[in-house]
Amino acid sequence: MLVANISDQLGNQMFAYASVKTIAERKGYSFGFIRARNDHINDTDPRYGNEIHTVFPQIKKELLQELPSDIKYTFTENVTPYSKMFFSEKALQVKNQTFMKGHFISYLYFSDNMEHVRSWFTFPDEVKEICRNKLSGLQQKYPGRQLIAVHFRTGRDYTRQGFLLSSSYWFLAADYMIKKYGKNNILFLPFYDARAKRHGAVHRFLKRYPCEIIKGTLVEDMCCMTMLQNLIVCNSSFSIMAGILNSHPDKLVLRPSVYPSGANYQPNDCFPEDWIVIRAKRSPHSHHLYKRMVIKGHMLALIRRILPGAF
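If you're wondering where the values come from, they're calculated on a predicted model, not measured in any experiment.

What counts, and where the lines are drawn
Residues numbered from 1 in each chain as written. Predicted model: local features only at pLDDT ≥ 70, side-chain atom pairs only at ≥ 80, totals over all residues. Heavy atoms only, no water. Salt bridge = Lys/Arg side-chain N within 4 Å of Asp/Glu carboxyl O. Helix = DSSP H or I, 4+ residues; strand = E, 2+ residues; numbered from the N terminus. Buried < 20%, exposed > 50% of the residue type's maximum accessible area, 1.4 Å probe, protein only. Pairing = 2+ DSSP bridges. Axes fitted to C-alpha atoms, helices over the stretch in contact; angles between N-to-C directions. Contact = heavy atoms within 4.5 Å.

Enquirer: Is there a simple way to explain the pattern of salt bridges in this structure?
Expert: Once the charged atoms of two side chains with opposite charge are near each other, the side chains can pair. Applying the stated criterion across every chain yields a total of 10 salt bridges. Among the ionic pairs, R47 bridges to E126, the shortest N-O distance being 2.3 Å. Remark: E126 occurs in helix α4 (residues 125-141) and R47 occurs in the loop between β2 (31-35) and α2 (52-55); sequence separation between them is 79 residues. Judged by its relative accessible area of 41%, E126 is partly exposed.

Take a look at the structure:
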């Protein structure tokens, strides 16, 4: 058996599950997963929550309440600021009865297993019906237009941790779509994780391009993105996984050239190679906030060492 340690939010959970389960299948091992503690909840669905086993109930049977006693080994993913890839050949060589710790955010782990991956992450029928009705209504309202999903990750957590992209990425991606289809032939559908603040990236995008808001719950938003032919993803495993699950025969996915992460950048093998790369850069404001947070952390640590009784 391989046991995946599922952590963080929905997109990261899906990557770890798909990667480790695919490895288990290839090696003829059984599979299960345990849920690590999650203190970083950005969004949740009022009905389905934000756990893979509540969003996709067909995989709930593989949830383990604790690590089995016969697990003998542990494989820990080793991704550093200098790593060129998330993918590791060593992960493919693990022995049976191994506990797999890591995010495994590489499309390469399961790129040749997409039929199974899509079956694991089948959305509830009710959610699919809601999304089909939304998109059908738009097609009737705007006949002949190309509907283009645009995912923004601009919440406070991304901003403070140095993950936020500069707004220019979304504008360049939108301009690419306009050049391809013509401005009068498209409609952008923004999906975002935070309120569209005045002068923020989402707000400026709404003012600049033809848009329609169909944003719903967490699960509805991901499901909608899997149904659209055109998709602009950002540096978020949520929209990246939506693009991967999308099975439209003529899909067109645009992705950023960089994936900011703190003071560094994450490897790009989370993105399929056939996606169109749009020039992107880190938000200077986000980078500044991250550096300030790091400096504050160092100062507090120093004070604790000098004055251990002060806290």
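Further notes follow.
Enquirer: Hey, could you run me through the sheet that holds β2 in this one?
Expert: Within a beta sheet, neighbouring strands are joined by backbone hydrogen bonds and run either parallel or antiparallel to one another. Here we have 4 strands laid out as an open sheet, ordered β2-β1-β4-β3, and parallel in their pairing. Two strands close off the open sheet at either side, each with one partner strand: β2 and β3 (73-76). Adjacent strand axes in the sheet meet at a mean angle of 25° when their direction is disregarded.

Enquirer: I would appreciate a short explanation of the environment of K134 in the present structure.
Expert: Turning to its location among the elements, K134 is positioned in helix α4. The spacing of K134 and I214 is 80 residues in sequence and 7.2 Å in space, taken between C-alpha atoms. If sequence neighbours within four positions are ignored, K134 has contacts with I214, K215, G216, E220 and C224.

Enquirer: I'm lost on the sheet that holds strand β11 (residues 276-278) in this one. Help?
Expert: If you trace the 5 strands from one edge of the open sheet to the other, you get β6-β5-β7-β8-β11, paired in parallel fashion. Each having just a single partner strand, β6 (186-192) and β11 make up the two edges of the open sheet. Shown here is a sheet whose adjacent strand axes are inclined to one another by a mean of 20°, direction ignored. Looking at chain direction, strand β5 (residues 146-152) and strand β7 (residues 230-232) are connected through 3 bridges and run parallel. The residue of β7 that forms the bridge with V150 is I232. Contacting β5, β6 and β7, helix α8 (residues 218-227) runs over the sheet at an angle of about 145° to β6.

Enquirer: Would you mind showing me how to read unusual backbone geometry here?
Expert: Leaving glycine aside, a negative phi is the common case for residues, and trans is the common case for peptide bonds. Phi is positive for Q97, which is not a glycine, with a value near 65°. Its place among the elements puts Q97 in the loop between β3 and β4 (98-101). Look at F104: it is not a glycine, yet its phi comes out positive at around 55°. Note on placement: F104 falls in the loop between β4 and α3 (114-120). Under the relative-accessibility criterion, F104 is labelled buried at 1%.

Enquirer: Looking at this structure, how should I read the environment of P267?
Expert: Tracing the chain through its elements places P267 in the loop between β10 (264-265) and β11. P267 sits in the buried class, given a relative accessible area of 5%. Residues P267 and S106, spaced 161 residues apart in sequence, show a C-alpha to C-alpha distance of 8.8 Å. When near neighbours in sequence (up to four residues on either side) are disregarded, P267 contacts S83, K84, M85 and F86.

Read these as geometric descriptors, not functional statements.
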